[in-house]
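# Architecture and fold: a report
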Amino acid sequence: MSLSLIVFSLLFLSGAHSTAMDPYKFLHIILNPNGTITRLEKHPETPATPDPNSHLPVLSKDLTINPSRNTWARIYLPHQALNHSSSSSFTQLPIIVFYHGGGFIFYAANSTYFHDFCVQLVQRTQSVVVSVNYHLAPEHRLPAAYDDALEALHWIRTTEDKWLTRFADYSNCYLMGESAGGNIAYNVGLRAAAEVDQLEPVKIKGLILVQPFFGGVKRTSSEERLANDTNLPQPVTDLMWELSLPVGADRDHKYSNPTVDKGSKGFDHITRLGWKVIVFGCYGDPLIDRQIDLAKSLQKHHAHVEGHFQGEDKHGVFVGQPTKGKAIELYDTIKTLFITTQN
Ligand SMILES: *[C@@H]1O[C@H](CO)[C@@H](O)[C@H](O)[C@H]1NC(C)=O
Ligand SMILES: *[C@@H]1O[C@H](CO)[C@@H](O)[C@H](O)[C@H]1NC(C)=O
Ligand SMILES: *[C@@H]1O[C@H](CO)[C@@H](O)[C@H](O)[C@H]1NC(C)=O
Ligand SMILES: *[C@@H]1O[C@H](CO)[C@@H](O)[C@H](O)[C@H]1NC(C)=O
C-alpha cells in the first residue's frame, strides 16, 4: 500500500469515526464483561498541603470518613484563619460541602482539576470546604454517591477534627457541586431536608448548583441544538447515565430527571426550611435547559431560587478556569449568599 493510500485511509477512517461518535473512545474507557470499566486515562492528582509553616494561602488535608467503606474527604482551610485564630476578632467561617463532577464515573477529591478549583473557592470566599470523595459508577451505581454524600454530613457533625470544630460555623453550611456533583448536591439536599433534626448542629442554609448534570428521555431544545457539541456530546451524557443509574433505569429516573418525581415534596421541604438555591448555567452547555427547568420548578414551589444563566460558555467552564471571569462571578455570588443567609 502506498503512503498516500495509507494517509487517505486514515483520513477516511477518522472522518467516519466523527459521524458515528463512539462515547467509549471519547471517554477513554473500556467496558469490562463484569460491568466495571477500565479507565485508560489517569487524571492527575495533587497531594494535600497541611503544613502550617508553608506560605500557601490555603491548607488542605485528607481525613477518613468511614474506614469500612473507604470514604474520605479533603478539607480546605484558609491559612489566614489558622494564623489569626487567637485574635479576638476571629469569627468562624461558613462551611461548604463540595461534590466534584465527572459524570459519576471519573475523578476524586484529590484530582488536580478539582483541587485547584477548591483552593480558589476557599481563598476567594474565605470558607472551610469539605470536598467529599464518593464512590464512582459503574462499580458503585447511584444511589451509592448520594449515600456517601449524606454520610459525609453526619461525619461533619460528629468529627472532632480541629479544622472543623474550631474554624467552621456549623450553623452556616452549604451544599455545593459541579456537574454530576451538582446533581449529588441537589439529591442529597432533598434527603437532608427531610431529616434536618438528625443533622444538628449542622444547619444547611442553601444549595449551590454549578452546571448540574440532569437528564431525561425526551430531549430538551438545548440538547437538540447542541447535540454535536464537541465538549459534551449527547452519546457521552447518555452513556454516563447508562453507567451510573440503577441497572434497567432510563433517564426519566428521579435521580436524573427531578421533574418526573412530582418532586413537590422535596421542593416543599426546601421552601419550608428557607434554603436559598443558586443555579449556574451557560448557553453553550447542552444541559442548560434542564438547569433552567429545575430553577423554574423550585420557583413554582416558592423556594428562594436564583438562576444565573449567562454567556455562551460550555460545560465545565467554572471549574476548568478557576481564576477567570465566570468562576469569579461564582465566588462573588457565594460571598453575597453568605451575607444574605446569615442570621
Ligand atoms: C472486573 O474485570 C476487570 C477486567 O477484567 C478486572 O480487572 C476486575 O478486577 C474485575 N472486577 C471484579 C469486581 O470482578
Ligand atoms: C488520591 O486518592 C487515592 C485514593 O482515593 C489515593 O490512592 C492516591 O494516592 C491519592 N493521591 C494523592 C496524590 O493524594
Ligand atoms: C501563616 O504563618 C506562617 C508561619 O507560622 C507563615 O509561614 C505563613 O506565610 C502565614 N500565612 C498567612 C496566609 O498568613
Ligand atoms: C449533528 O450531526 C449529524 C451527523 O453529522 C447531523 O445529521 C445533524 O444534523 C447534526 N445536528 C445538529 C443539531 O447540528
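Residues numbered from 1 in each chain as written. Chains lettered and ligands numbered in written order. Predicted model: local features only at pLDDT ≥ 70, side-chain atom pairs only at ≥ 80, totals over all residues. Heavy atoms only, no water.

With an unreviewed UniProt entry as reference, the protein chain is termed Alpha/beta hydrolase fold-3 domain-containing protein, source organism Acacia crassicarpa. If you open the UniProt record of the protein chain and go to Sequence similarities (unreviewed entry), you find "Belongs to the 'GDXG' lipolytic enzyme family." (UniProt positions renumbered as here; feature names shortened; annotations may be inferred.)

### A few points about the overall build of the protein chain
Along the protein chain, the regular secondary structure elements total 13 helices and ten strands. Computed over C-alpha atoms, the radius of gyration of the protein chain comes to 21 Å, within 12% of the 20 Å expected from 2.2 N^0.38 for 343 residues, which places it in the range of a compact globule. The 343 residues of the protein chain split such that 55% are buried. The long-range share in the protein chain, meaning contacts at least 24 apart out of those at least 6 apart in sequence, stands at 78%. (Helix = DSSP H or I, 4+ residues; strand = E, 2+ residues; numbered from the N terminus. Rg over C-alpha atoms; globule rule 2.2 N^0.38 Å. Buried < 20%, exposed > 50% of the residue type's maximum accessible area, 1.4 Å probe, protein only. Contact = heavy atoms within 4.5 Å.)

### Overview of the pattern of salt bridges
Where charged atoms from two side chains of opposite charge approach closely, those side chains can pair. The final tally for this structure, using the stated rule, is 14 salt bridges. Salt-bridge contacts for K42 lead to E45; the nearest nitrogen and oxygen are separated by 3.4 Å. A salt bridge links D62 to R74, with the shortest nitrogen-to-oxygen separation between them at 2.7 Å. Linking D62 in strand β3 (residues 58-66) with R74 in strand β4 (residues 71-78), this pair joins segments that are twelve residues apart in sequence. Taking the relative accessible area as the measure of exposure, D62 reaches 37% and is therefore partly exposed. (Salt bridge = Lys/Arg side-chain N within 4 Å of Asp/Glu carboxyl O.)

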